[in-house]
Each structure stands twice: as structure tokens, then as C-alpha cells.
Amino acid sequence: MKLSALIAALGIAVASSAATAEPVNLTLSGGNPGGLWSLLGAGIDRAAKADDGDSVVTYQATGGGFANIGLLGGNRTDLGLLHDAEAKIALQGGEPFKAPIENMRAIGYMYNWAPMHFFVDRGIAEEYGLQSLADIAESGAPLRIGINRSGNITSNVALAMLEAVGVTDDVISRNGGQFVRAGANEQADLIQDGRLDMITNGIFINHSSFRAVDQNSDVVLLSVPPEVIDATNEAFGTGTMVIPGGSYSNQTEDVTSVALGALLVATTEMPDDVASSLASSLIANIDEVRGVHSSMAALSPELLATPSVLEFHPGAAAVYRDAGLIN
């Protein structure tokens, strides 16, 4: 079935179920004010209101996915946005959690296109023969490597990927370099000022911070060994994505990397009819979410219903099943 026909069919199916539902009144825990997740919160609220003007999804700014998992685990919020990798850690009871968080249930996958980038100064790359992450450990390059701040999942993923190719704090220190903790925009400023040699982040292709780096610094994008991608996806529940050649000035070839995604998550405490109403509204009014930012244009009903590291909430699963999106 063509996508346009599928969406039309879904619109008919979900409209009938949403029409009989009570309005939802939910709190959604997201991330920093003004970031993408706050925009997603506004889009989710508009999608719910499109089916029932009395529905409200109130956005609550937090420290991000790990904080939201803590709120969900304690049943102190109705909904949370979190990365798939954060959910995987929580299910295993890994740091920063003291025990597994088992009451989370997915409402929908919001995006899965935030690939890990590893940019390095081109002069250093040429001097030390750096084309891949696998080249760093034995190169002897005294790299000052930007890693996101503790508590940001991209720091966990970047460190794990580097460790998989033998790049540890001891190795970097022995070569005369260091890991530098800094956020995405800070890393961009530091490499442009010559205070970093390499930056890392899991972020949308041509995100403003990396676009500034590409425009104002002479950098190259390192490739990632397939075995590192496989090991990372196994450990973190992440996916695989190609950064197309030509995405950045000095990138002529495709680069395949690990990709993070974000989930809209409820708990087992949410009634089935509320989860069903919310999932129905997201499908029927998906343009309300797509419209919050150009980076969300690829959101589709199929992606919303894509299985992840978390089980679907039964109410959401019933909607996706009735729409023919899952078995």
C-alpha cells in the first residue's frame, strides 16, 4: 500500500477510536527549554488537541533522558522522552541507576536518525594517518578529544566506541592528549579555537553545531569499523545509519555509524485507554509533530510503531496492531 493511502486509511481508523476517548491531561518530561525535545512536546500537545480541544500535554523541562527515567521509575511523571540507549541502560540497572527500571512502556519511536560523528582536525589526521577510529590507538597522536558531559548518553556511547578500538584514557594520556568534557556547542567553539583536535557527538546530520565546525574549521569525518557498530548496537540498543558522502565539506564517501533514537515513554500505571488515545492522536495528526522542526520531517506512522528496546504499552500496541503497523 502506498504511504498516502496508508495514512488515509489510518486516519479513518484512528479517528473513530479517538472520537470516543476522554481528553488526556498528561505531563511530559523532556529536556532543556528551547531544545528539540521541547519542540516535540509542543507537537505532541498539538496532536492531542487536534482530536480533543480539552486535551493537554504539559511539557516539563528536565536534565534529559536519564532524569526522565528516574521520574518514570518513581511514577512522578506521565510521559518521558528518552534515548533508546538510555532505556537499555535502565533496563539493565546500569549507571546511574541502582537497580533495573522495569515499569517503562513505549508509546512511540520519535526519531532514529542521530548518528555518532567523529570529526578530527585534517592536519592532524594527515600527519598521523587517521582515517578511521581504529587508527587512533596506534598512531601516537596527542589528541585532545571532546566528549560530551557526564549524564549525556552520547558520552557513554562515544567512550564505548573508542574503547572498542583501544582508545582509553591511559592510551590518550600516554600519547600526550586528553579527554575534554564539553557539550556540543562548546566542542564546536573549542575545535574552532584550536583547543580541541577531535570532537564527538550523536546528533542530526548538519546540526547547527557541526555545521559551524564544518564551515569554520578544516576537519575530516572518521569512519567507524563495522565490528564497533555491531558491538555498540548490541550493548546500547542503538541502530545503524549512513552519513551520506557530501554531507560535510571534506567528506567524499559515505560513512556508516551508530545512530541514537528517541522514544516517547509512559509507565505501566497509564490506563490503556489513555495510551490508546495518545497513540491514535499521534498517527492521525502526525503533521503536528513533523512540523515542529525540519529534522522531524521523516517521522512516519511506521516509525512510531517500530519495536525498540522497550515493550509497547498495551494501549498503544492495540492501536498500531489495528492499523496494521505491527502484528
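Presented here is an overview of the structure given in this document. (Residues numbered from 1 in each chain as written. Predicted model: local features only at pLDDT ≥ 70, side-chain atom pairs only at ≥ 80, totals over all residues. Heavy atoms only, no water.)

**Some remarks on the pattern of salt bridges**
Our working rule: Salt bridge criterion: a side-chain nitrogen from Lys or Arg within 4 Å of a carboxyl oxygen from Asp or Glu. In this description a helix means any DSSP run of H or I spanning at least four residues, a strand means any run of E spanning at least two, and both kinds are numbered starting from the N terminus.
For the coordinates displayed, the defined rule picks out eight salt bridges. Note that aspartate 287 and arginine 290 form a salt bridge whose closest N and O atoms lie 2.6 Å from each other. Here aspartate 287 and its partner arginine 290 are both found in helix H13 (residues 286-290), three residues apart, which amounts to about one turn of the helix.

**Here we look at the packing of helix H3 (residues 65-73) against helix H4 (residues 84-92)**
Rule in force here: Whenever a helix is involved, its axis is fitted only over the stretch in contact; in every case the axis is a line through C-alpha atoms, and angles between N-to-C directions fall within 0 to 180 degrees. An angle below 35 degrees is treated as roughly parallel, one above 145 as roughly antiparallel, one from 65 to 115 as roughly perpendicular, and anything else as oblique. In this scheme the crossing of two helices becomes right-handed for a clockwise turn of the near helix relative to the far one and left-handed for an anticlockwise turn of less than a right angle. In what follows, a contact means two residues having at least one pair of non-hydrogen atoms within 4.5 Å.
The geometry of H3 relative to H4 is characterised by a closest axis approach of 10 Å and an angle of 45 degrees between their N-to-C directions. If you check the angle between H3 and H4, you find them oblique. Seen along the crossing, H3 lies across H4 with a hand that is right-handed. Between H3 and H4, the contacting residues are Gly65, Phe66 and Ile69 on the first element and Glu86, Ala87, Ile89 and Ala90 on the second.

**Brief notes about the packing of aromatic side chains**
We apply this condition: Working definition: a ring pair exists when centres of Phe, Tyr or Trp rings (six-membered ring for Trp) sit within 6.5 Å. Plane angles under 30 degrees give stacked, over 60 give edge-to-face, the rest tilted. A simple rule labels every residue: compare its accessible area, found with a 1.4 Å probe on the protein chains alone, to the largest value its type can have, and call it buried under 20%, exposed over 50%, or partly exposed in between.
Per the counting criterion, the structure on display carries six aromatic pairs. Measuring from ring centre to ring centre gives 5.2 Å for phenylalanine 119 and phenylalanine 210, while their planes differ by 90 degrees; the resulting arrangement is edge-to-face. Residue phenylalanine 119 is found in strand S4 (residues 104-121), and its partner phenylalanine 210 is found in helix H10 (residues 208-216); the two are separated by 91 residues along the sequence. Considered together, phenylalanine 119 and phenylalanine 210 belong to a single accessibility category, that of buried residues. Residues phenylalanine 119 and tyrosine 248 carry aromatic rings whose centres are separated by 4.9 Å and whose planes lie at 90 degrees to one another, so their mutual orientation is edge-to-face. Of the two residues, phenylalanine 119 is situated in strand S4 and tyrosine 248 in the loop between strand S9 (239-243) and strand S10 (255-267); the sequence distance between them amounts to 129 residues. Under the relative-accessibility criterion, phenylalanine 119 is labelled buried at 1%.

**Observations regarding the nonpolar core**
Grouped burial of nonpolar side chains is what soluble globular proteins tend to show. Rule in force here: Nine residue types can take part in a nonpolar core, namely buried Ala, Val, Leu, Ile, Met, Phe, Trp, Tyr and Cys, and a core is a set of them joined through side-chain atoms within 4.5 Å.
If you look at the biggest cluster of nonpolar residues, it comprises 92 residues, and the most contacted ones within it are Tyr111 and Tyr320. Top contributing element to this core by residue count: S4, with 11 residues. If you look at the next biggest cluster of nonpolar residues, it comprises 17 residues, including Ile191, Phe210, Val219 and Tyr248.

**Considerations on helix H7 (residues 153-164)**
What counts is decided by this rule: By this rule the span expected of a helix is its residue count minus one, scaled by 1.5 Å.
Taking 1.5 Å per residue as the helical rise, H7 with its 12 residues ought to reach 16 Å, and the 17 Å between its terminal C-alpha atoms agrees with that figure. Considered for burial, the residues of H7 that qualify are Ile153, Thr154, Ser155, Val157, Ala158, Met161 and Leu162. Directly beyond the C-terminal end of H7, a positive phi value near 85 degrees is found at glycine 166.

**What about the environment of methionine 110?**
With respect to the helices and strands, methionine 110 occurs in strand S4. What makes methionine 110 buried here is its relative accessible area of 0%. Separated by 191 residues in the primary sequence, methionine 110 and proline 301 place their C-alpha atoms 9.8 Å from one another. Methionine 110 has contacts with Leu40, Ile44, Leu81, Ala262, Leu263, Leu264, Val289, Met296, Leu299, Leu303 and Leu304, leaving out every residue within four places of it along the chain.

**With respect to the side chain of serine 139**
Definition in use: Polar contacts, as used here, are pairs of N or O atoms within 3.5 Å; protein pairs need one atom able to donate a hydrogen and one able to accept it. Residues neighboring in sequence count only if both atoms are side-chain atoms.
Counting through the fold element by element, serine 139 comes out in helix H6 (residues 136-139). A distance of 3.1 Å separates the side chain of serine 139 from the backbone nitrogen of alanine 141, its partner in a polar contact.

**Notes on helix H9 (residues 184-192)**
Every buried residue of H9 is listed here: Ala184, Gln187, Ala188, Leu190 and Ile191. Residues of H9 that are buried sit in contact with strand S5 (144-147), strand S6 (178-181), strand S7 (198-202), H10 and strand S8 (219-221). Positioned one or two residues after H9, glycine 194 has a phi angle of 80 degrees, which is positive.

**Comments concerning unusual backbone geometry**
The omega angle of the peptide bond from glutamate 95 to proline 96 is 10 degrees, so this bond is cis rather than trans. At asparagine 75, a residue that is not glycine, the phi angle is positive and equals roughly 50 degrees. By secondary structure assignment, the location of asparagine 75 is in the loop between H3 and strand S3 (79-83). In this structure, asparagine 206 takes a positive phi of about 65 degrees despite not being glycine.

**Notes on the pairing of strand S2 (residues 56-60)**
Regular strands show a simple pattern: their side chains alternate between the two faces of the sheet. Put simply, the rule reads: Any two strands with at least two DSSP bridges between them are considered paired. Note on handedness: a crossover is taken as right-handed if, strands pointing away from the viewer, the path from the first strand over the helix to the second is clockwise.
In this structure, strand S1 (residues 25-29) lies alongside S2, joined through five bridges in parallel fashion. Bridge pairing links threonine 27 to threonine 58 in S2. With respect to chirality, the unit in which S1 leads through helix H2 (residues 36-51) into the neighbouring parallel S2 is right-handed.

**Remarks on the pairing of S7**
Burial of S7 is extensive: five of the five residues sit out of reach of the surface. Burial of S7 is two-sided: the residues Met198, Thr200 and Gly202 facing one way and the residues Ile199 and Asn201 facing the other way are all buried. The pairing of S4 with S7 spans five bridges and is classified as antiparallel. Along S7, the bridge assignment pairs phenylalanine 119 with isoleucine 199. With two bridges joining them, S5 and S7 adopt parallel strand pairing.

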